[in-house]
Amino acid sequence: MRKLICRVQLYRNNVEYRTRNLSSAVLIWCIALLLSGCSSMPGTDGMASPDSVGNTKDLIVVGISQVGSESDWRLANTRSYRETLTEANGYYPLFEDAQQKQENQVKAVRNFILQEVDYIVLDPIVETGWDAVLTEAKEAGIPVILSDRSIQVEDEELYTCWIGSDFKEEGKSAGRWLQDYLKKENRDEEEIHIVTLQGTLGSTAQLGRTKGFAQILKEQDNWVMLEQQSGEFVQAKGKEVMEYFLKSYPDIDVVVCENDNMAFGAIDAMKEAHRSFGKNGEIIVLSFDATDAALEAVKRGEINADFECNPLLGPLVDETIKKLEAGQAVEKIQYVKETYYDETTIK
Ligand code: GYE
């Protein structure tokens, strides 16, 4: 049975501090005073609304540490948490946007521990560097659910489970799609020059997609990876890197974009450079995520194929927490089902 919670809520400069027990309230208050003057502190963006102590005592307090707002996928993912982990659904969500900086995430997780949240939902920016802070969470007895991206830690018990996509499989699907497409176009003997716009280096999405595609590439004697560079999953950076690729390599046949926003950036760069691309062009465009805007680009023939990555993880996180609350076991890895879209499947 859930402990009776006595919470003291302090709001200073949009930073919310909550605790279940009065003895630690004084300590938290002092930390709040210190941190409110600290500019690098990630702010709570108001996902949790102030509530009375009485009204929140039976709610499940969940600290959600989100990567940032770098892409359309991320916005959909954040919306999914907001729509699912609601007060009406039994939650008191505390949301922290790390603005693509791991140090902000580590601080957010530490604050969640201080606030004695019931669960931490962590979408880790990169895979490494989590042992220390997650050991603190473990010692505090707070279950950590990894959502979207995963981590590499010495002790697998530092997290309860990971809910996300099989990114390596996504990369392999892209490779297999290209293989089939080139065969249909009678280009399976031709030397094929490829460039890749990679996501945030060290993130599970980047590592998996890069490795998966590389596995298929290794089996093709005629495919050449000219260069891979990170565009940080961001449109502007994707455009910048593509401009550099276009200037450096006059004979690109394929651009692999590890997310849709970088594909939009690459498209902008190719248009500005007056290069033809997509369905009837010289440069084949592959992308990942399959956001609404990108599927429109597939329909227009600007993106040849887009490999789905499902951002709607809120319901799975909810289901997992409810199972844990009921004392049930959960799978250590839960992959979301995914497909791909090209001109033949988009309809
Ligand atoms: O592909 C990208 C986002 O981790 C799956 O992160 C996620 C990736 C997604 O910024 O658009």
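The written sequence of each chain sets the order in which its residues are numbered from 1. Owing to the predicted nature of the model, reporting of local features is limited to residues with pLDDT of at least 70; listing and counting of side-chain atom pairs is limited to 80 or more, with chain, interface and lining totals taken over all residues. Water and hydrogen atoms were dropped before computing side-chain values, which therefore reflect all heavy atoms in the structure.

Participant: Explain the confidence of the model for the protein to me, please; I cannot follow it from the model alone.
Facilitator: Close inspection of predicted coordinates is inappropriate for parts of the model with low pLDDT. For the protein, the mean per-residue pLDDT works out to 88, and 84% of the residues sit at or above 70. Low pLDDT, under 50, characterises residues 1-54; the predicted model gives this stretch 111 contacts beyond four residues in sequence or across chains. For every residue, the predictor assigns a confidence score, pLDDT, that lies between 0 and 100. Residue contacts are counted whenever heavy atoms from the two residues lie within 4.5 Å of one another.

Participant: Sorry, what's going on with the sheet that holds strand β6 (residues 144-148) here?
Facilitator: Backbone-to-backbone hydrogen bonds join strands into a sheet, with any given pair of strands oriented parallel or antiparallel. In this description, strands pair whenever DSSP reports at least two bridges between them. Numbering of helices and strands runs from the N terminus, with a helix taken as a DSSP run of H or I at least four residues long and a strand as a DSSP run of E at least two residues long. The strand order β4-β3-β5-β6-β7-β13 describes an open sheet built from six strands, whose pairing is parallel. On the outer flanks of this sheet lie β4 (91-97) and β13 (333-335), each paired with one strand and no other. Across this sheet, the average inter-strand angle for adjacent strands is 20 degrees, counted without regard to direction. Pairing analysis gives three bridges linking strand β5 (residues 119-122) to β6, with the strands arranged parallel. Looking at the pairing, I120 lines up with V144 of β6. Under this scheme, a helix contributes an axis fitted over its contacting stretch, all axes are lines through C-alpha atoms, and angles between N-to-C directions fall in the 0 to 180 degree range.

Participant: Would you explain the environment of K332 in this entry?
Facilitator: Within the element layout of this structure, K332 appears in the loop between α11 (314-325) and β13. Think of it in three bands: residues with accessible area under 20% of the maximum for their type are buried, residues over 50% are exposed, and the middle band is partly exposed, with areas taken using a 1.4 Å probe on protein chains only. Its relative accessible area of 29% is what places K332 among the partly exposed residues. Separated by 176 residues in the primary sequence, K332 and E156 have C-alpha atoms spaced 9.5 Å apart. Excluding residues that lie within four positions of it along the chain, K332 makes contacts with E156, E157, Y159, T160, C161 and W162. Polar contacts here mean pairs of N or O atoms no more than 3.5 Å apart (in protein, one a potential hydrogen donor and the other a potential acceptor; neighbouring residues in sequence count only if both atoms are side-chain atoms). Only 2.6 Å separates the side chain of K332 from the backbone oxygen of E156, close enough to count as a polar contact.

Participant: Teacher, can you tell me more about the packing of helix α6 (residues 167-184) against helix α7 (residues 204-218) here?
Facilitator: Two measures define how a pair of helices packs: the angle their axes make with one another and the distance between the axes. Put simply, α6 and α7 touch, their axes get as near as 6 Å, and they point 35 degrees apart. Crossing hand, α6 versus α7: right-handed. Judged by residue contacts, F167, K168, E170, G171, K172, A174, G175, R176, L178 and Q179 of α6 engage T204, A205, G208, R209, K211, G212, F213, Q215 and I216 from α7. Note on residue classes: Ala, Val, Leu, Ile, Met, Phe, Trp, Tyr, Cys and Pro are nonpolar, Asp, Glu, Lys and Arg are charged, and everything else, Gly too, is polar. Of the residues assigned to the contact of α6 with α7, the class counts are six nonpolar, seven polar and six charged. Crossing chirality is assigned from the near helix's rotation relative to the far helix, an anticlockwise turn below a right angle marking it left-handed and a clockwise turn marking it right-handed.

Participant: Which parts of the structure should I look at to understand helix α8 (residues 235-248)?
Facilitator: Over its 14 residues, α8 extends 20 Å from the first C-alpha to the last, a length consistent with the 20 Å expected when each residue adds 1.5 Å. Looking only at α8, the buried set comprises G238, K239, V241, M242, F245 and L246. Against the buried residues of α8 lie β8 (192-198), β9 (223-230), β10 (254-257) and α9 (260-272). The span you would expect from a helix comes to 1.5 Å times its residue count less one.

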